[in-house]
Structures are given as structure tokens and as C-alpha cells.
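# Residue-level structural notes
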Amino acid sequence: MQDSKQVIGALEHTALLLRFQGQSRFKVEAYERGARVVETVDGDLASVIERDGLKDLQGIGDALSRQIEELWNTGTSPLLERLLSETPPGAAELMRVSGLTPRRIRLLSEALGVDSIEALRTACVENRVRKIASFGTKTEQKLLLACDSAEPRRSRAPQPVLLSRGLELIEPLGQKLSDAGLVWSVVGGLRRGEETSTVLELAVASELDAAVHALSGLRQVLRVDRDNPRLFLSDGVIVALHTGERARWGNVLFYSTGTPQHVVSIRERAHARGWLLDDSSFETETALYAAVGLPFVPPELRYGQNELELAERRGFGGLLQAADIRGMVHCHTTYSDGKESVLEMARAAHSLGMQYITITDHSPSAHYAHGVTLDRLKAQWDEIAAAEELVPIRILRGTESDILRDGNLDYPDSVLEQFDVVIASIHARHRLTRDEMTKRLQHALALPIFKIWGHGLGRILNHRDAIECDVPAVLDALAHSRGAVELNADPHRLDLPPAWIPAARERGIPFVVSVDAHSSHGFRVLPYGVTMARRGALTSNEVLNTLPADEFAKRVRPVAS
């Protein structure tokens, strides 16, 4: 083959065919990861293979190393040839069409000889697909639409990295720098707490050579670009490097953290005072901001929006911090899809210094999550009462009640009124029209009981887009009723998005920073929720679970006392 791009294509093809055959997720991901590693090595692949260095690359084991060598030397591999012989022609391409399962692909191949997306489109236009048993007219129409929106071949652009994953990837780099005696910091979107980043950014108080020397020995660093200082990691992630001397460390952090709009606004402020920011040196960011007459601006707010106005008007002393949170909200147990008991979750929350925990398992309509049916509720409440006797922490009995298709909440009103806390969330039918979804949410959030709007827009980052709805109209409904907005700390959700925090605040709606934890391990995500709150400039007195247990319970009680 002798072409790294062809090797990449063959590895991706192998991964798709393994997925078609129902092979394990780990095996499929191994070949997808192999493609990313080869892509990163790119022009150096020949020399890596020549020195038998494939196994030295993170993510490449013995089996995958042999496959890549075979592909490079012969243009194919025994595994790829076997998979091609066992699957219908064009199966890998057809796997990109939404609604096509391996079974359906085999039927289309056997009945119509369909071996590509274009062949499928033609068969649909000619009304031949509907004649196959188990397909029908509606399926044919859906497949025709799916052909036009088929997932494109994998983009060479890096996939956005979740905030939590980005911090995990940076950690060993930072440790290596610390071991070398160098000062470093996460910067860019990661430091601002953005939900995802296409490029991770790292600042080091040193010359570039010293930073590169410290990092190049790491196994996960595949290549270093010194001209445009970047590291290419084996996960397919790019890390941009910012370096500078200690005397200008404040400048380095400032320029590499804030958005261009924020940097310009500070530059203009300095210019108005008769000096040039770029010509000045600051060892700390605090000194830099003080020089333009401002308190330190938290990284989460450096967007060039209203942060300077906030700095002058009230400062940032009351901005929410993780230490302000007194209760773990939105916790699941073995009664639905959690992994630990009520007592185990309560003990873990207490060990982290919490004063209370809400047990909010799924409601009956969430069949996939083993929602708690009416006949199981009493047993759960008895268990909560028994657990509360064994721990010095308040355990509030609650529910994550599904918002049904018609906007009503799962469980009868007479049952909802008996909970201590109700979280109202959408878990199904995410694809209603904008008007239908808006009416559904308005109805649910206007109900007279106090409810917390759970993971409001239903997004799953890098997987599912936010639902379509008129968010201001939905917030109006919640404001005229009794309720709060959840800031869900699950790194895959981080929902309601911080951009909507000002709109909720303007309407006087309080907030809850929740963990949506399905085990005690899930409590670790709390800082991400706090980060989202800080991006919306929320203070501790705007977040309900900073309150003591009794006061929190009083504020969220479904029925006003």
C-alpha cells in the first residue's frame, strides 16, 4: 500500500465491518483508534514501521501492529479480506445510513443487489424497496431521506473533546512538566470551562525547547510541531502550546485564556489609561487586571460580554464555588438504573461533607431505566427512612418524573405531592416539532407543584443535539409557576447550557447544581456543574442547594405549606 491515507482508510473500513458483524465495542474502537494514530504519525509511518516502532505508540498493541504492517506492505490484511468475504458488498458504506441494520443490509443485498448508498437511493426512487418483506412504503420513504443525510466519511478534523476528557488528557502532560520543575496551566476553552474543545491548550512558563523536551518523551505524544507549537496525541487530539518567561507569566495566562473579545476589551481599557498592554509585563494575572482598575476576572467569564460591567458593579466575591454546595441533588439508586443502594449513596455523600442528598429515581414510564412503579414506591420510602436512621445526613425522597408526550408528569398528582422533591425531565420523544415541544414543556413547567426542570434541552454532547423549543417561552411558564432550573453536571450533558442562565435569572428563577449520579463515583462531576454556574456568573445565593437541609427542603417541597 505504501500510503498512510490508504492504511487509515483500510483501518476505518475494518472497524465498520467489525461493527456490522456485531463484534465487541472494544475491538471496533481499537481499529478506529489505530486509524487516528496512523493519521497523526502520517509522513513518519514508513520510518516507524521500519524501526518496528508501532508497538511503542499508545493505543497500538501486537495484533493491531501486525495489521498495520500488513496493510502497509501488501495493501490488505487477512482480517480485512475475511471480513469482506463474510459481508455483503458495500456493507461498510451502507452502515452510514440511518435506519439500516445489518439484517436490512443483507436483505437489500440479496433481494436487490444494493451495494452502495447511491444504489439504495435508486431502488427507493423506483419503489423497489417497499416490495421486500418487512420494509414497506414508510420505511422506503425514510431510507430515501436517510440517503441524503447519510453520515459522511470520517472528517479529518479533530472531534470536539468533552471538558472532562480534555482535563484527563492534560493531566499526564502537566505531571510531566511538574516533574521537570516547570510551572504550567490549562488555558483556552478548557480553562474557561467550555463544554467541548476542538483543540486543547496548555501554557508553560519556560522556553519552547524546555517544554517540548519535557513532553516529547511521553508515550501519548506522537508528534511535535515546533513551527506552530502543537502536540499530536495518540487519541487524535491536538494540544496547542503557549510558552513565556516567568516575568510575563500573567501575560501568557491572560492572552491564552480569554476570548479575542475579552482581550481586546482589556487592551482598550489600558489604552484609555495611556499605556499599551502588549508592552507591559505582569508576573500574575491579578496584577494585570489591577493595572486596568479591575479585580481578577475569573477565567469562566472571559468572553468579552458583560464581565467588565460585573467587575465594576459588584465584583466576583460571591461567585459560586464547589465548597458552597451543601447537598447532592439528582441521585439514582438500585431502585431504577443506579448501581448503589440508598444507604451507600447517602454515606458517600456524607463522606464528601454534604448535609443532604435527594434520591430521585426514574418514574414508571422510563421502562428502559427500570422506573419505580407505584407498587414499589412504599418499599423505597421505607428504605430511605431506615437509611436515614444510620447516617448523619438528611435523605430527601424524590423522583425524576418523566415529562410525558402531553406535558403531564409521570405519577398522579396525589403521589407527586408526597415527594420531598420532584425533578421534571424529558427522556423520550426528543424529535417533536418546535411548537409541539414548546407546548409540552410549557404545560409541564406551569403545573402548580414546585419542580426542578431537569437537563432542560436534553442534549448529549457529541451525540444528540438539544431539543428544538422556544426557551424564553418555556422559562416564562416556569417563572409564573413554582420551580427551579437544573444545571446538570454530567460532563456529557452540562445542561441547561450556560448561555441561558441570564434569561432564567432575569425571570427570577432559582437554580440547582445537580450531579445526576448513578453511583457514588458520579459525585465527582459536581465541579463541572459549578463551572457552568460560574460561566453564568451565578452567586451562591442564587443556587438552592447551597442552603442548609431544612431550608432547601422547604424551598423545593412540591406543595406549598
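Note that the structure is predicted; figures quoted are calculated from it, not measured.

Rules used in this analysis
Residues numbered from 1 in each chain as written. Predicted model: local features only at pLDDT ≥ 70, side-chain atom pairs only at ≥ 80, totals over all residues. Heavy atoms only, no water. Salt bridge = Lys/Arg side-chain N within 4 Å of Asp/Glu carboxyl O. Helix = DSSP H or I, 4+ residues; strand = E, 2+ residues; numbered from the N terminus. Buried < 20%, exposed > 50% of the residue type's maximum accessible area, 1.4 Å probe, protein only. Contact = heavy atoms within 4.5 Å. Axes fitted to C-alpha atoms, helices over the stretch in contact; angles between N-to-C directions. Parallel < 35°, antiparallel > 145°, perpendicular 65-115°, else oblique. Left-handed = near helix turned anticlockwise from the far one by under 90°. Core = buried A, V, L, I, M, F, W, Y, C linked by side-chain atoms within 4.5 Å.

### Some words on the pattern of salt bridges
- Counted under the stated rule, the structure contains 25 salt bridges.
- The salt bridge involving Glu 140 is made with Arg 130; its shortest N-O contact spans 2.6 Å. On the criterion of sequence distance, the pair formed by Glu 140 in helix H9 (residues 136-148) and Arg 130 in the loop between helix H8 (117-125) and H9 is long-range, its members being 10 residues apart.
- Overall, Glu 140 belongs to the buried group, its relative accessible area being 2%.
- Put simply, Asp 382 and Lys 378 hold a salt bridge, and the shortest N to O gap is 3.0 Å.

### Some thoughts on the environment of Pro 472
- Tracing the backbone shows Pro 472 in helix H21 (residues 471-479).
- A relative accessible area of 30% means that Pro 472 is categorised as partly exposed.

### Digging into the side chain of His 262
- For His 262, the location among the structural elements is in helix H14 (residues 260-272).
- Apart from the residues lying within four places of it in its own chain, the contact partners of His 262 are Phe 254, Tyr 289, Val 297, Arg 302, Tyr 303, Gly 304, Glu 307 and Leu 308.

### Let's talk about the packing of helix H10 (residues 163-179) against helix H12 (residues 208-215)
- Orientation of H10 relative to H12, taken along the N-to-C sense of each, is 115 degrees, at an axis distance of 9 Å. Of the possible angle classes, the one that applies to H10 and H12 is roughly perpendicular. Where H10 crosses over H12, the two elements pack in a sense that is right-handed. For the pair H10 and H12, the contacting residues are Leu 173, Lys 176 and Leu 177 in the first and Ala 211, Ala 214 and Leu 215 in the second.

### Structural notes on the nonpolar core
- Counting 93 residues, the largest nonpolar core has Ile 357, Trp 453 and Phe 523 as the members making the most contacts within it.
- The element that contributes the greatest number of residues to this core is helix H17 (residues 342-351), accounting for six residues.
- The residues contacting Phe 523, other than those within four sequence positions of it, are Met 328, Cys 331, Met 345, Ala 348, Ala 349, Leu 352, Ile 357, Val 515 and Ala 517.
- Judged by nonpolar contacts, the second largest core, of 48 residues, contains Ile 68, Leu 71, Leu 79 and Leu 94.

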